[in-house]
Amino acid sequence: MALLQITEPGQAADPHDRKRAAGIDLGTTNSLIASVREGVAATLPDMEGRHMLPSVVRYTAEGPIIGAEALEQAALDPHNTIVSVKRLMGRGVEDVRSLGEQLPYRFSEESSGLARIETAAGVVSPIEVSAEILRSLVERASETLAGELDGVVITVPAYFDDAQRQATKDAAQLAGANVLRLLNEPTAAAIAYGLDTGDEGVIAIYDLGGGTFDVSVLRLRRGVFEVLATGGDSSLGGDDFDHAIAEWLIEESGFEGDLSAELQRALLMKARSAKEALTSAEQATISHSDADFKVDAELSRDAFNELISPLVDNTIRACRRSVRDAGVALEEIDNVVLVGGSTRVPLVVSKVADYFGAQPLNDIDPDKVVAVGAALQADVLVGNKPDEEMLLLDVLPLSLGLETMGGLSEKVIARNTPIPIAKAQEFTTYKDGQTAMLIHVVQGERELVDDCRSLARFELTGIPAMVAGAAKIEVTFRVDADGLLSVSARETSTGVEASVEVKPSYGLTDDEITQMLKSSFDHAADDAAQRSLAEARVEAGRVIEALGNALAEDGEALLPAQDIDMLQQAIKKLQERLSGDDTRAITEGTEMLGRASEEFASLRMDAAVRRALAGKQIADLDNEMSDNEV
Amino acid sequence: MGVNLTEKAAEHVVSYLESRGKGVGIRLAVKTTGCSGLMYVLEPVDEIQPEDLKFSSQGIDVFVDPKSLVYVDGTEMDYVKQGLNEGFEFKNPNVQGECGCGESFTV
Ligand SMILES: Nc1ncnc2c1ncn2[C@@H]1O[C@H](COP(=O)(O)OP(=O)(O)OP(=O)(O)O)[C@@H](O)[C@H]1O
Ligand SMILES: [Mg+2]
């Protein structure tokens, strides 16, 4: 008999409806997986009781070795042991070359485009390496939760671009995981502290790990987190504290000359344990004695603080820059969250508190907080919290964009993107001395604005007169959990702002939406030759993901079992085509899947429209639109 | 008869109730479901119902409604680890069969 867990009163799901979800912190150095069990989100340990999985994969002729066992071999087998693969995700060979000096891998020469690494087990891509790490974590969770996972949330740095995000999703797909959504690491940390339950607010996330420092400023508006600014230093972390102590030790010992590599390593290890001891103790003893090096030193917390003070000050300077980039005043920041093992250092806590003028949140283990937040989100997205209406996962039925020069539509948020979402894009003036800009918001998949649906027009005035291309106009599209779109435009040097709110699916019947989609599919098929394979894949991936999520959410409520089965078969078929590289086959597969799911989509649309119209008067929407039109 | 807990099961209930922050005991109930009929439900108790029967075992109050008791009378609850998975296991003298998936049972 399966083992049973305690559930909150009235929430026990029938055995086959129980959903298993997990949150994954796919880190540069270490990765973790967490899940909500018996109402508590916690990271899951492996058989040996280890929560962290070193993000290391060693390729041998017998197969890959993942985690601590691979890390142990890193020094002996550097070419085949891939560490820090996160730094390579979604990067081209050229980008990687510049990092390459620090990395001992043999990058594959013949491949153009994405980076690939030669190993004893053949050529592997960073996506495949990440997939091994994900697979290992997902297996651990499946064993712990006694069943296949229904969905995962994977965290990524806020500064990851589309290619890096797509690579992460591809890795998950390769690992056989259903990605409910990618979540920004700082957002996950904020969710772990329940900061998403508020309505409004500005939050700073300070993440100091072993080798990297990241700071992010987020704004929460209508339940949507928006990244206002990110900053940091990709080569500053706790390892630098260790170096500072080791240098001090060498000075104390009076040693002169060159240290052997082994001695350096030994001193760094001792420095690191002294540092970690000083987090709770006032004093630490460090001693080392061998043929050429002898030291016996006492390091006090105060002396340690003095050693690392300049390093911590560097992080505070980066915070100041990010707060400025975010365009917020220090007083507007409601909460500061600490992430990363090095935020355990007391001096770090006190300097952060001094700068922000508030005690930072740090009572969740800073190594685990990101995974915990991701697990909480995964639990909601997979549907385990029926009475909680937080962050309904829904998707945009059609892309949203702006009219640009030449009557072209520039897509800002793509169709099938899960909402809520906020996205900003920068535009500029095209005439010298231009002081106003017309913002035309459109909806649809076609390239020409005339083929899309016009949603709203508004004008940003008061742009200072400059030469063409000098003004920076940041346009932000924000779709909240109810599908309500607000668009704001801001000239960044003066801060002049204008905005409009509009309901994107308002006024469109299901047939119209279906028609718009169909025409875009037909169009896409004609253009297939020119569209790149990558684009087709991204689109197919989105459709699969959206349909998968929609099925998980509403499938059983709206469809008979054989239809669900049919759709799942169709998804599988498209997935098979995805592994090939026939652009046309993939595009047509996407189209087929779109058609196969049309009925389901309109059933969902019906349900969504009923929900939306219950809350909003049609007249209100009209007014909102015309008030802002110029 | 009634319902009994092993020491391990009692320990887990205590730590669960502590981390939840409220609850006077635990409820064992039986619900109809699934491929083979019945499933167990284990919930914290915030409010005792008038018809509830109370059994005390290992310092834990276990509440069972009379309808469920018919199916679980004499059950011993244990808390076990199976590899990475852990949870409650039931030794129920009334059980005749289980469904293939091991999620539900018949009496
Ligand atoms: N108790 C402690 N006191 C001080 N420092 C600590 C303590 N525990 C861990 N650290 C430090 O935290 C760092 C590791 O943090 P973390 O695990 O967050 O880094 P990481 O995620 O692996 O690194 P990165 O994010 O840079 O890839 C190490 O420098 C370690 O010495
Ligand atoms: Mg980290």
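Computed from a prediction, not measured in an experiment: that's the story for all the values here. (Residues numbered from 1 in each chain as written. Chains lettered and ligands numbered in written order. Predicted model: local features only at pLDDT ≥ 70, side-chain atom pairs only at ≥ 80, totals over all residues. Heavy atoms only, no water.)

A.B. asks: Summarise the overall build of chain A; cite the residues concerned and give the values.
C.D. replies: Secondary structure assignment for chain A yields 16 helices and 28 strands. The burial tally for chain A puts 49% of its 630 residues in the buried class. If you take every contact in chain A between residues at least 6 apart in sequence, the share linking residues at least 24 apart comes to 65%. Counting only carbon and sulfur atoms, one obtains 47% of the accessible surface of chain A, whose full area is about 28600 Å². (Helix = DSSP H or I, 4+ residues; strand = E, 2+ residues; numbered from the N terminus. Buried < 20%, exposed > 50% of the residue type's maximum accessible area, 1.4 Å probe, protein only. Contact = heavy atoms within 4.5 Å. Areas by Shrake-Rupley, 256 points an atom, 1.4 Å probe, with all protein chains shown as cover.)

A.B. asks: So what's going on with the overall build of chain B? Which residues, and what values?
C.D. replies: From N to C terminus, chain B includes 2 helices and 9 strands. Each helix (α) and strand (β) of chain B, taken in turn from the N terminus, gives the series β-α-β-β-β-β-α-β-β-β-β. Scored against the burial criterion, the 107 residues of chain B give a buried share of 50%. A fraction of 51% describes how many contacts in chain B between residues 6 or more apart in sequence connect residues 24 or more apart. Accessible surface computed for chain B: about 5300 Å², of which carbon and sulfur atoms make up 48%.

A.B. asks: Go over the site of ligand 1, please, and point to the residues and values.
C.D. replies: Residue and element names in this part refer to chain A. Lining the immediate surroundings of ligand 1 are 19 residues, of which Thr29, Thr212, Lys275, Glu276 and Thr279 lie closest. At a separation of 2.7 Å, an oxygen atom of ligand 1 approaches a polar side-chain atom of Thr29. Measuring from an oxygen atom of ligand 1, one finds a backbone N or O atom of Gly341 at 2.8 Å. Computed on the free molecule, ligand 1 has an accessible area of 650 Å², of which 85% lies beneath the protein chains in the complex. Here the element with the most residues in the shell around ligand 1 is helix H7 (residues 261-277); it accounts for 3 residues. (Near = heavy atom within 4 Å. Polar contact = N/O pair within 3.5 Å; in protein donor to acceptor, adjacent residues only side chain to side chain.)

A.B. asks: Before we move on, could you go through the pairing of strand S11 (residues 151-156) of chain A and cite the residues and values that matter?
C.D. replies: Residue and element names in this part refer to chain A. Summarising burial for S11: 6 of the 6 residues are buried, a large majority. Going residue by residue along S11, you find Gly151, Val153 and Thr155 tucked away on one face and Val152, Ile154 and Val156 tucked away on the opposite face as well. Summarising the sheet, S11 and strand S12 (residues 179-184) pair through 5 bridges and their orientation is parallel. Residue pairing across strands places Val156 opposite Asn184, the latter belonging to S12. (Pairing = 2+ DSSP bridges.)

A.B. asks: So what's going on with the confidence of the model for chain B? Which residues, and what values?
C.D. replies: As a general rule, the predicted coordinates of low-pLDDT regions are not to be interpreted in detail. Residue and element names in this part refer to chain B. With 91% of its residues at a pLDDT of 70 or more, chain B has an overall mean of 88. By mean pLDDT, the top-scoring element of chain B is strand S5 (residues 60-64) (96), and the lowest-scoring one is strand S8 (residues 97-98) (72). Quick note on the complex model: pTM equals 0.67, ipTM equals 0.88. (pLDDT = per-residue confidence, 0-100.)

A.B. asks: Tell me about the packing of aromatic side chains, and please be specific about residues and values.
C.D. replies: All names here are of chain B. On inspection of all chains with the given rule, the structure shows 5 aromatic pairs over all chains. Judged by centre distance (4.0 Å) and plane angle (15 degrees), the rings of Tyr40 and Phe90 are stacked. Taken together, the positions of Tyr40 in strand S3 (residues 37-45) and Phe90 in strand S7 (residues 85-91) put the pair 50 residues apart, joining distant regions of the chain. Classification of Tyr40 as buried rests on a relative accessible area of 6%. (Phe/Tyr/Trp six-rings, centres within 6.5 Å; stacked < 30°, edge-to-face > 60°.)

A.B. asks: Which residues make up a positive patch on the surface, and what are the values?
C.D. replies: Residue and element names in this part refer to chain A. On the surface, a cluster of positive charge is contributed by Arg317, Arg320, Arg321 and Arg324. On the secondary structure map, Arg317 appears in helix H8 (residues 301-326). Using a relative accessible area of 43% as the deciding quantity, one classes Arg317 as partly exposed. (Patch = residues over 30% accessible without salt bridge, like charges linked within 9 Å, V, L, I, M, F, W, Y side chains within 5 Å. Salt bridge = Lys/Arg side-chain N within 4 Å of Asp/Glu carboxyl O. Lys, Arg positive; Asp, Glu negative; His and termini not counted. Charge placed at Lys NZ, Arg CZ, Asp CG, Glu CD.)

A.B. asks: Outline the pairing of strand S16 (residues 283-289) of chain A, listing residues and values.
C.D. replies: Residue and element names in this part refer to chain A. Here S16 shows one buried face, formed by Ala284, Ile286 and His288, and one open face, formed by Gln283, Thr285, Ser287 and Ser289. Bridge analysis of S16 against strand S17 (residues 294-300) gives 7 bridges, and the strand direction is antiparallel. Counterpart to Ile286 in the pairing with S17 is Ala297. The hairpin formed by S16 and S17 contains 4 residues between the paired strands.

A.B. asks: So what about the interface of chain A and chain B? Which residues, and what values?
C.D. replies: At the interface, 28 residues of chain A touch 31 residues of chain B. Between chain A and chain B, the buried area comes to about 2500 Å², and carbon and sulfur atoms account for 58% of it. On the surface where chain A and chain B come into contact, there are 1 salt bridge. The closest approach of N and O atoms between A:Glu8 and B:Arg20, which form a salt bridge, is 2.4 Å. Counting every contact that joins chain A to chain B gives 8 residue pairs in polar contact (both at pLDDT 80 or more). Counting residues per element, the side of chain A that touches chain B draws most heavily on helix H3 (residues 126-144) of chain A, which supplies 3 residues. When the residues that make up the side of chain A that touches chain B are grouped by side-chain class, the tally is 13 nonpolar, 6 polar and 9 charged. (Buried area = accessible area lost by both parts, 1.4 Å probe. Nonpolar A, V, L, I, M, F, W, Y, C, P; charged D, E, K, R; others polar.)

A.B. asks: Break down the nonpolar core for me, citing the residues and quoting the values.
C.D. replies: Residues and elements named next belong to chain A. In terms of nonpolar packing, the biggest core is built from 43 residues, with Tyr206, Ile333, Val348, Val352 and Phe356 touching the most fellow members. Counting residues per element, this core draws most heavily on H8, at 8 residues. Apart from the residues lying within four places of it in its own chain, the contact partners of Phe356 are Ala204, Cys319, Val323, Leu330, Ile333 and Val336. Within the second largest apolar cluster, 37 residues are counted, among which are Leu44, Leu53, Tyr105 and Val156. (Core = buried A, V, L, I, M, F, W, Y, C linked by side-chain atoms within 4.5 Å.)

A.B. asks: Quick one: what's the story with unusual backbone geometry, residue by residue and with numbers?
C.D. replies: Residues and elements named next belong to chain A. Here the phi dihedral of Glu38 falls at roughly 45 degrees; this positive angle occurs in a residue that is not glycine. Positionally, Glu38 belongs in the loop between strand S2 (30-37) and strand S3 (40-43). Look at Glu38 and you get buried, because its relative accessible area is 15%.

A.B. asks: So what about the packing of helix H5 (residues 185-192) of chain A against helix H10 (residues 369-381) of chain A? Which residues, and what values?
C.D. replies: Residues and elements named next belong to chain A. For the pair H5 and H10, the least separation of the axes is 7 Å and the interaxial angle reads 75 degrees. Put simply, H5 runs roughly perpendicular to H10. Only Val369, Val370, Val372, Gly373, Ala374, Leu376 and Gln377 of H10 make contact with H5, whose side of the interface consists of Glu185, Ala188, Ala189, Ile191 and Ala192. Residues of the contact of H5 with H10, tallied by class, amount to 9 nonpolar, 2 polar and 1 charged. (Axes fitted to C-alpha atoms, helices over the stretch in contact; angles between N-to-C directions. Parallel < 35°, antiparallel > 145°, perpendicular 65-115°, else oblique.)

A.B. asks: Could you give an account of the pattern of salt bridges, with specific residues and numbers?
C.D. replies: Inspection of every chain in the model, using the stated rule, returns 22 salt bridges over all chains. A salt bridge links A:Lys275 to A:Asp242; the shortest N-O distance between them is 2.9 Å. In this pair, A:Lys275 sits in helix H7 while A:Asp242 sits in helix H6 (residues 238-253), placing the two residues 33 residues apart along the sequence. For A:Lys275, a relative accessible area of 7% puts it in the buried group. Note on A:Asp242: relative accessible area 5%, which makes it buried. The partner of B:Arg27 in a salt bridge is B:Asp52, with the nearest N and O atoms 2.8 Å apart. Here B:Arg27 is found in strand S2 (residues 25-33), whereas its partner B:Asp52 is found in the loop between S3 and strand S4 (53-57), with 25 residues between them in sequence. Assessed through its relative accessible area of 13%, B:Asp52 is described here as buried. Among the charged side chains, a network of salt bridges with common partners joins A:Asp46, A:Glu48, A:Arg50 and A:Glu69.

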